[in-house]
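# Residue-level structural notes
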Amino acid sequence: MKKFLFLKSSVLQKNSVSSELIDFAGQYVDEKEVIDLEKLNIPELNVENFIQFNQEDSQQRLFQKEQIQKIKEKDVIVIGAPMYNFSTSIQLKKYIDLIAKAGETFHYTESGSVGHLIANDVVIVSSRAGSYSEQGIDFFDQYMTTVWNFLGVKNVHFVYAEKLAFGEDIKNESIFQAKKQLIELINKIKN
Ligand SMILES: Cc1cc2nc3c(=O)[nH]c(=O)nc-3n(C[C@H](O)[C@H](O)[C@H](O)COP(=O)(O)O)c2cc1C
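In this text, all values refer to a predicted model and were calculated from it rather than measured experimentally.

What counts, and at which threshold
- Residues numbered from 1 in each chain as written.
- Predicted model: local features only at pLDDT ≥ 70, side-chain atom pairs only at ≥ 80, totals over all residues.
- Helix = DSSP H or I, 4+ residues; strand = E, 2+ residues; numbered from the N terminus.
- Contact = placed C-beta atoms within 7 Å.
- Buried ≥ 20, exposed ≤ 12 C-beta atoms within 10 Å, placed from the backbone.
- Core = buried A, V, L, I, M, F, W, Y, C linked by C-beta atoms within 7 Å.
- Near = placed C-beta within 6 Å.
- Nonpolar A, V, L, I, M, F, W, Y, C, P; charged D, E, K, R; others polar.
- Pairing = 2+ DSSP bridges.
- Axes fitted to C-alpha atoms, helices over the stretch in contact; angles between N-to-C directions.
- Left-handed = near helix turned anticlockwise from the far one by under 90°.

Let us now look at the overall build of the chain. Secondary structure assignment for the chain yields seven helices and seven strands. In terms of overall dimensions, the chain has a C-alpha envelope of 50 × 35 × 35 Å along the principal axes. Intrachain contacts of the chain at a sequence separation of at least 6 include 76% that bridge at least 24 residues.

In structure tokens, the structure reads:
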């Protein structure tokens, strides 16, 4: 049975659309771990913490090792990824900074980088007030694809809940469609 990691990264807690969609998708998976990155309190990548992350047996380093171990043993990663100012939430960015570690989740060779994650699939559940996916101007998508490919994940899927600020009806329809796509995708990936 495939092991799933679900990540929430919104600051909106109970009002978060992406977290609602993560909870929804989680119902269709038996073997899973759910992490709310807001509650994980990841140390930010400042000078002090950078030194600590590189010091064996420091509190920060042990925390980093634990999170790297968790993601490395998963087959599928599903990420609630709200768009904040055309980019990711700081919580998700801190997580990427935490788990992207040379020698542990990737390494470089003479012919380029090699990712170490065993997961074949990442699902990005992307929530946003506006609409970008149809316009081909979505550098958030490019960023996510680049990060997860770099770490070794071949397939990066996107499920959008867009136009969330275009009125109640459009918002509800968008969430409904996102749930439909999520069920289909999760069922396809998990078997
Ligand atoms: C600080 C902040 C910045 C935002 N920036 C954008 C943006 O650049 N583009 C957009 O379409 N929506 C933006 N939004 C709206 C969010 O994408 C929208 O509220 C979405 O539901 C967030 O996902 P969440 O509910 O899971 O937190 C922003 C919201 C916040 C709170």
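That was the structure; now back to the text.
The next thing to look at is unusual backbone geometry. Peptide bonds are, in most cases, trans, and in most cases residues other than glycine have a negative phi. We note that Gln-13 has phi near 45°; this positive angle belongs to a residue other than glycine. Among the structural elements, Gln-13 can be located in the loop between strand S1 (4-8) and helix H1 (17-26). The class of Gln-13 is exposed, set by 11 C-beta atoms lying within 10 Å. Backbone geometry places Phe-86, a non-glycine residue, at a positive phi of 65°. Structurally, Phe-86 is set in the loop between strand S3 (76-82) and helix H5 (90-99).

Leu-21, Ile-77, Val-78, Ile-79, Val-123, Val-125 and Leu-182 are the most contacted members of the largest nonpolar core, which has 37 residues in total. Looking at this core, the elements with two or more residues in it are S1, H1, S3, H5, strand S6 (121-127), helix H6 (139-150), strand S7 (155-161) and helix H7 (168-190). With five residues, S3 is the single largest residue contributor to this core. Residue contacts for Ile-77: discarding those within four places in its chain leaves Leu-5, Leu-7, Ile-71, Ala-119 and Val-122.

Taken together, 16 residues lie near the ligand, and Ser-10, Ser-18, Pro-82, Ala-129 and Gly-130 sit nearest. Residue composition of the shell around the ligand, grouped by class: eight nonpolar, seven polar and one charged.

A few words now on the sheet that holds strand S2 (residues 32-36). If you trace the five strands from one edge of the open sheet to the other, you get S2-S1-S3-S6-S7, paired in parallel fashion. Looking at the sheet topology across the chains shown, the edges are occupied by S2 and S7. Strand after strand, the sheet turns through a mean of 15° between neighbouring axes, direction not considered. Note that S6 and S7 share seven bridges and pair parallel. Looking at the pairing, Val-123 lines up with His-157 of S7.

What follows is about the pairing of strand S5 (residues 112-115). Regular strands place their side chains on alternate faces of the sheet. Of the pairings in the sheet, the one linking strand S4 (residues 106-109) to S5 comprises four bridges and is antiparallel in character. Across the sheet, the residue bridging to His-107 is Val-114, located in S5. Linkage of S4 to S5, two consecutive antiparallel strands, is achieved through a turn of two residues.

Along the chain, Leu-182 turns up in helix H7. Residue classification places Leu-182 among the buried residues on the basis of 21 C-beta atoms within 10 Å. Distance from Leu-182 to Lys-94, taken between C-alpha atoms, is 25 Å for residues 88 residues apart in sequence. With near-sequence residues (within four places) excluded, Leu-182 lies in contact with Leu-21, Phe-24, Ala-25, Val-125 and Val-159.

The next subject is H1. Counting buried positions over the 10 residues of H1 gives seven, a clear majority of the element. Among the residues making up H1, those that are buried are Val-17, Ser-18, Ser-19, Glu-20, Leu-21, Ile-22 and Ala-25. Each element contacted by the buried residues of H1 is listed here: S1, S3, S6, S7 and H7.

Across the interface, H1 lies against H7 with an axial gap of 10 Å and an inter-helix angle of 35°. Note on packing geometry: the crossing formed by H1 with H7 is right-handed. Two secondary-structure elements touch here, H1 through Val-17, Leu-21, Phe-24 and Ala-25 and H7 through Ile-175, Ala-178, Lys-179, Leu-182 and Ile-186. Across the contact of H1 with H7, the residue classes tally to eight nonpolar, no polar and one charged.

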